[in-house]
There are 2 protein chains.
Amino acid sequence: MINQKAYALGANRSCIRDLFEYGRQQAAIVGSENVYDYSLGNPSIPAPPEVNDAVRAILNDTDSLLVHGYTSAVGDYEARRAISDDLNARYGAATRPEEFFLGCGAAPELVSVFRALAVPGGELLTVAPYFPEYKPFAEEAGLVFKVVPPDVPDFQIDLEALAAMLTPSTQAVLLNSPNNPSGVVYTRQTLTALAKILREKAAAFGHPIYLISDEPYRELVYGVEVPYLPAIYPDTIICYSYSKSLSLPGERIGYVLVPGSCADSQMVYAAVAGAARACGHVCAPSLWQKVIARCAHLRPDLVRYDRNRQALYQSLAAMGYEMAKPDGAFYLFIKAPGGDANRFSELAKKENLLLVPGDGFGCPGYFRICYCVSYDRIQRSLPVFERLIRQFQ
Amino acid sequence: MINQKAYALGANRSCIRDLFEYGRQQAAIVGSENVYDYSLGNPSIPAPPEVNDAVRAILNDTDSLLVHGYTSAVGDYEARRAISDDLNARYGAATRPEEFFLGCGAAPELVSVFRALAVPGGELLTVAPYFPEYKPFAEEAGLVFKVVPPDVPDFQIDLEALAAMLTPSTQAVLLNSPNNPSGVVYTRQTLTALAKILREKAAAFGHPIYLISDEPYRELVYGVEVPYLPAIYPDTIICYSYSKSLSLPGERIGYVLVPGSCADSQMVYAAVAGAARACGHVCAPSLWQKVIARCAHLRPDLVRYDRNRQALYQSLAAMGYEMAKPDGAFYLFIKAPGGDANRFSELAKKENLLLVPGDGFGCPGYFRICYCVSYDRIQRSLPVFERLIRQFQ
């Protein structure tokens, strides 16, 4: 006898992975230069050279037992101090190293936070469009997963709808900005208004409503502000990852920040640690902790992403595609010509243009493009986009 | 409102960690040379030099996007092939790369396997003495955790007691050999007899009883055989870690093997993957996957552990301490003079000799020594052991 929920989670492949596999198969047939795969959010700029330099330096200057040994479960103190110093310098924050829990990337960090806040009947509210794994993470944690409908066409937050969905059982609101899949950055105005609503509701309900901020794309932003949320809403818990900012998605390193400002912060922190332990967390990969201790101040070189972003946004908009302004991450979220994103994606697939329909993101009628690809692929794909939209004009 | 179980898991420090912290504090007062800390099972021999060489080579010869990029959730194919080839060559096994799931060390791998097999009322049976984290891992997975009493003084398995504890709800039996904390290796005779019992009971119950083999110490063995379990009992699932064999405990790399011989192997494999996904597993750290692809054949240099083992075993036995023959891992599990291991450990602590009482391992009256320490520390500690046992003779 097998756990059927676990089996279903393991056996049901994601639509995105399927598209990606299809792209690889097609590439073998028609040549990779003729497949325009926009399916996977895999960074296409390499890690900053300082990262590999730091690895080499650590192997040379640090005792092997220390480099590769267990750290405490919460993480190497030097790494936590480097992260804390960096955030404090950038945002005028007052974090302390003790408020950070180093994790194996945003996914397990979110799981730990969800489980730390999972009480019977507890609800987690997020905003469409949203990263599809939130749902199994929340439901397997034992939370009721609720979604605020998308705020079209700008993909900020429909605050009225959100306010109406808050209940005494709401344990947390989950945000992701810069957003996957929309590429939108929530503005300070949006977040300030949200904070006001949450404060009022929390006071009315008599318990905190935590704001969980999933921030793997925080540094991937093109000329707009990504506000530091704990300064706007103290009961914020941040889940961060170096997957995108340092192009280390496979290495599984990031952190949970439970700021001292947060209600019951020490209890929340302990519960996050306990939830991580119950999932088998021992420590984040130790070499990468030591790299972060030396590299927490580095920022990605966004020149190539930005060139892709502008080329696609301007070209597609000129063709008549409609989309929100993509200020962050490496995604465009585009209204499907004809209104049916699944049908449009199927048409595109026949031309070896691989787009992800928005249904899985809680937003049918749109499709996602990951522009972390070569500039050349973008240029070659534009005629295909042009042909496709002509069929609907 | 916080998840109280998660909070308790995060807030309650382990007795072992407390001892270790105490040792560090005492070292600051009396000098580290006067603290005989045997508390932590942290490898004391460095990783083989080939490991760091492999890291350097990978950074030099492999594209950064590939080195640090996402792998598939189940892991890099080359790494899985290297592991499969190595096991097949050593044990005449017929594993295939597709049967391996690369994980972030034995802890999350065990959690995934437990959750894959967690059905309502399902029971997990292990054998005392056992690694204390098994209990929260199993209970948080939703399994009933049951323990077969220890087989004193040899710490093999009390097969009669085990057979009596198998029920139609038994989903799996969990073994750890070489064993933490006893240092004992289960013999082929023990395992063959166990397999016979499990086969009979499984037939009687009409469903498989899986054998989960937690094998982080498989390569740490001194002149005796560690049988390859799937050859003895096909319904075996192996959880392995390179923490001890390559002295990489902080790097979080290992694997689950669900052999093709295993009942419903593909369903079990998918459920393990799904359970891992629900805990936030994305992939094992990618650089370390690539290291394993090059280093799966390496074995630890056990000369220093063996010297420690023999020095302690012979000296302590000569003083009158009683313990099972320590054939594997880096532990001795010793009968407490006077019979009360907590009292004995407290007496020892006053002499800055740090021993872990066996209660947490499900085996009161014994204490554990981790001999992954310097030979010098062992020599300096022997007079303390001598003084202590004299008080009881």
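Owing to the predicted nature of the structure, the values given are computational and were not obtained by experimental measurement. (Residues numbered from 1 in each chain as written. Chains lettered and ligands numbered in written order. Predicted model: local features only at pLDDT ≥ 70, side-chain atom pairs only at ≥ 80, totals over all residues. Heavy atoms only, no water.)

## Brief notes about helix α15 (residues 341-350) of chain A
In an α-helix, one turn spans 3.6 residues, which is why side chains three or four residues apart end up on the same side.
All names here are of chain A.
Item 1. Every buried residue of α15 is listed here: Ala341, Phe344, Ser345 and Ala348. Each buried residue of α15 lies within a common arc of 100° when the element is viewed along its axis, so the set occupies one face.
Item 2. Where α15 is buried, its residues touch β10 (353-354), β11 (356-357), β12 (366-370) and α16 (375-390).
Item 3. N-cap assignment for α15: the residue whose side-chain oxygen lies 3.0 Å from the backbone N of asparagine 342 is aspartate 340.
Item 4. Of the residues flanking the end of α15, it is asparagine 352, one or two places downstream, whose phi is positive at about 60°. (Buried < 20%, exposed > 50% of the residue type's maximum accessible area, 1.4 Å probe, protein only. Helix = DSSP H or I, 4+ residues; strand = E, 2+ residues; numbered from the N terminus. Arc of directions from axis to C-beta. Contact = heavy atoms within 4.5 Å. Polar contact = N/O pair within 3.5 Å; in protein donor to acceptor, adjacent residues only side chain to side chain.)

## Some words on the domain arrangement of chain A
All names here are of chain A.
Item 1. What the domain assignment reports for chain A is domain 1 (4-47 + 301-390) and domain 2 (49-295).
Item 2. If you average the C-alpha positions of domain 1 and of domain 2, the two centres end up 26 Å apart.
Item 3. Listed per partner, the contact involves 29 residues of domain 1 and 33 residues of domain 2.
Item 4. Taking both sides of the interface into account, the surface hidden between domain 1 and domain 2 amounts to around 2400 Å²; carbon and sulfur atoms contribute 65%.
Item 5. Three residues, Ala47, Asp327 and Phe361, lead the burial of domain 1 against domain 2; their summed loss comes to 24% of the area buried on that side.
Item 6. The interface formed by domain 1 and domain 2 contains one salt bridge.
Item 7. At the boundary of domain 1 and domain 2, one finds nine residue pairs in polar contact (both at pLDDT 80 or more). (Domains from an automatic or database assignment. Buried area = accessible area lost by both parts, 1.4 Å probe. Salt bridge = Lys/Arg side-chain N within 4 Å of Asp/Glu carboxyl O.)

## As for the pattern of salt bridges
Item 1. The final tally for this structure, using the stated rule, is 44 salt bridges over all chains.
Item 2. Taking the shortest distance from any N to any O, the salt bridge between arginine 277 of chain A and glutamate 133 of chain B comes out at 2.6 Å. Of this pair, arginine 277 of chain A sits in helix α12 (residues 265-278) while glutamate 133 of chain B sits in the loop between β3 (123-127) and α7 (134-141), each in a different chain.
Item 3. Exposure remark for arginine 277 of chain A: the relative accessible area of 23% places this residue in the partly exposed category.
Item 4. Glutamate 215 of chain B serves as the salt-bridge partner of arginine 218 of chain B, at 2.6 Å between the closest nitrogen and oxygen.
Item 5. A relative accessible area of 4% means that glutamate 215 of chain B is categorised as buried.
Item 6. In the salt-bridge network here, residues are joined through shared partners; they are Asp86, Arg90, Glu215, Arg218, Glu219 and Arg299 of chain A.

## As for the packing of aromatic side chains
Item 1. Going through the model one piece at a time under the given rule, you end up with 46 aromatic pairs over all chains.
Item 2. Where tyrosine 240 of chain A meets tyrosine 242 of chain A, the ring centres are 5.0 Å apart and the plane angle is 75°; that geometry is what we call edge-to-face. Considered together, tyrosine 240 of chain A and tyrosine 242 of chain A belong to a single accessibility category, that of buried residues.
Item 3. Seen in terms of ring centroids, tyrosine 305 of chain A and phenylalanine 330 of chain A are 5.3 Å apart; in terms of plane orientation they differ by 70°. Their pairing is edge-to-face. Separated by 25 residues along the polypeptide, tyrosine 305 of chain A in helix α14 (residues 303-319) and phenylalanine 330 of chain A in the loop between α14 and β9 (331-335) bring together distant segments of the chain.
Item 4. Judged by its relative accessible area of 0%, phenylalanine 330 of chain A falls in the buried class.
Item 5. The ring of tyrosine 22 of chain A has lysine 349 of chain A lying over it, and the distance from NZ or CZ to the ring centre is 4.5 Å.
Item 6. For the cation-ring pair, arginine 307 of chain B lies above tyrosine 375 of chain B, with the distance from its terminal atom to the ring centre recorded as 3.8 Å. (Phe/Tyr/Trp six-rings, centres within 6.5 Å; stacked < 30°, edge-to-face > 60°. Lys NZ or Arg CZ within 6 Å of the ring centre and 35° of its normal.)

## A closer look at the relation of the copies chain A and chain B
Item 1. Take chain A, turn it by 180°, move it 0.0 Å along the axis, and it overlays chain B with an RMSD of 0.0 Å. What the superposition gives is, in effect, a two-fold axis relating one chain to the other. Within chain A, the C-alpha atom positioned nearest to the axis of rotation is that of cysteine 279 of chain A, 3.0 Å from it.
Item 2. Here 100% of the contact residues of chain A are again contact residues in chain B; the copies associate through an equivalent surface. (Least-squares fit on C-alpha atoms with pLDDT ≥ 70 in both.)

## Remarks on empty space enclosed by the protein
The rolling of a water-molecule-sized probe over the atoms marks out the regions of remaining empty space.
Item 1. Scanning the model with the defined rule gives seven cavities of 30 Å³ or more in all.
Item 2. One number sums up the size of the largest cavity: a volume of about 350 Å³.
Item 3. Every residue lining the largest cavity is counted, 30 residues in all, and those nearest its centre are Pro108 and Cys279 of chain A together with Cys104, Pro108 and Cys279 of chain B.
Item 4. Every element with two or more residues in the lining of the largest cavity is listed here: β2 (100-103), α6 (106-116) and α12 of chain A together with β2 (100-103), α6 (106-116) and α12 (265-278) of chain B. (1 Å grid on protein atoms, 1.4 Å probe; cavity = no way out; pocket = protein on both sides within 12 Å on 5 of 7 lines; lining within 4 Å. Points joined across faces, edges and corners; volume = space filled by probe spheres on them.)

## Some remarks on the pairing of strand β12 (residues 366-370) of chain B
Residue and element names in this part refer to chain B.
Item 1. A large share of β12 lies buried, amounting to five of its five residues.
Item 2. Taking every second residue as pointing to the same face, both faces of β12 are buried, with Tyr366, Arg368 and Cys370 on one and Phe367 and Ile369 on the other.
Item 3. Relative to β12, strand β9 (residues 331-335) runs antiparallel, the two sharing five bridges. Directly across from tyrosine 331, in β12, lies its bridge partner cysteine 370. (Pairing = 2+ DSSP bridges.)

## Describing the interface of chain A and chain B
Item 1. Contact with chain A, which involves 72 residues of that partner, is made by 72 residues of chain B.
Item 2. Note on chain A versus chain B: buried area summed over both sides is about 5700 Å², and carbon and sulfur give 58% of it.
Item 3. Of all residues in chain A, Met1, Tyr70 and Arg277 of chain A give up the largest surface area on contact with chain B, accounting jointly for 14% of the area buried on that side.
Item 4. In this structure, the connection of chain A to chain B is made through two salt bridges.
Item 5. Here chain A is connected to chain B by 30 residue pairs in polar contact (both at pLDDT 80 or more).

## Looking at the nonpolar core
Item 1. If you look at the biggest cluster of nonpolar residues, it comprises 75 residues, and the most contacted ones within it are Phe114 and Ile212 of chain A together with Phe114 and Ile212 of chain B.
Item 2. For phenylalanine 114 of chain B, the residues in contact, after removing those within four places along its chain, are Leu124, Tyr134, Phe137, Ala138, Ala141, Leu143, Leu174 and Ile212 of chain B.
Item 3. By size, the runner-up hydrophobic cluster in this structure holds 62 residues, among which are Ala296 of chain A together with Val51, Leu102 and Leu257 of chain B. (Core = buried A, V, L, I, M, F, W, Y, C linked by side-chain atoms within 4.5 Å.)

## Some remarks on the packing of α12 of chain A against helix α1 (residues 4-11) of chain B
The relative placement of two packed helices is expressed as an angle between their axes plus a distance between the axes.
Item 1. Relative to each other, α12 of chain A and α1 of chain B sit at 90°, their axes nearing to 6 Å. If you check the angle between α12 of chain A and α1 of chain B, you find them roughly perpendicular. Across the interface between the two elements, Met267, Ala270, Ala271, Ala273, Gly274, Ala275, Arg277 and Ala278 of chain A from α12 of chain A touch Gln4, Ala6, Tyr7, Leu9, Gly10 and Ala11 of chain B from α1 of chain B.
Item 2. Among the residues forming the contact of α12 of chain A with α1 of chain B, the class breakdown is 10 nonpolar, three polar and one charged. (Axes fitted to C-alpha atoms, helices over the stretch in contact; angles between N-to-C directions. Parallel < 35°, antiparallel > 145°, perpendicular 65-115°, else oblique. Nonpolar A, V, L, I, M, F, W, Y, C, P; charged D, E, K, R; others polar.)

## Looking at the sheet that holds strand β4 (residues 144-148) of chain B
Residue and element names in this part refer to chain B.
Item 1. Spatially, β2-β8-β7-β6-β5-β3-β4 is the arrangement adopted by the seven strands of the open sheet, whose pairing is mixed. The open sheet terminates on both sides in strands that have one partner only, identified here as β2 and β4. Between one strand axis and the next, the sheet turns through 20° on average, direction left out of account.
Item 2. Of the strands in this sheet, β3, β4, β5 (170-175) and β6 (210-214) are in contact with α7, which crosses β4 at around 145°.
Item 3. Sitting on the sheet, α12 is in contact with β2, β6, β7 (236-241) and β8 (254-257), with an inclination near 15° to β2.

## Comments concerning the packing of α6 of chain B against α7 of chain B
Residues and elements named next belong to chain B.
Item 1. The geometry of α6 relative to α7 is characterised by a closest axis approach of 9 Å and an angle of 35° between their N-to-C directions. Once α6 is placed against α7, the crossing between them reads as right-handed. Of the residues in α7, those in contact with Ala107, Leu110, Val111, Phe114 and Arg115 of α6 are Tyr134, Phe137, Ala138, Glu140 and Ala141.
Item 2. Its residues assigned to classes, the contact of α6 with α7 shows eight nonpolar, no polar and two charged. (Left-handed = near helix turned anticlockwise from the far one by under 90°.)

## A closer look at the sheet that holds β12 of chain B
All names here are of chain B.
Item 1. Here we have three strands laid out as an open sheet, ordered β9-β12-β11, and antiparallel in their pairing. The sheet is open, and its two borders are formed by β9 and β11 (356-357), each paired with just one other strand.
Item 2. Sheet topology note: the β11/β12 ladder contains two bridges and is antiparallel. Along β12, the bridge assignment pairs proline 357 with phenylalanine 367.

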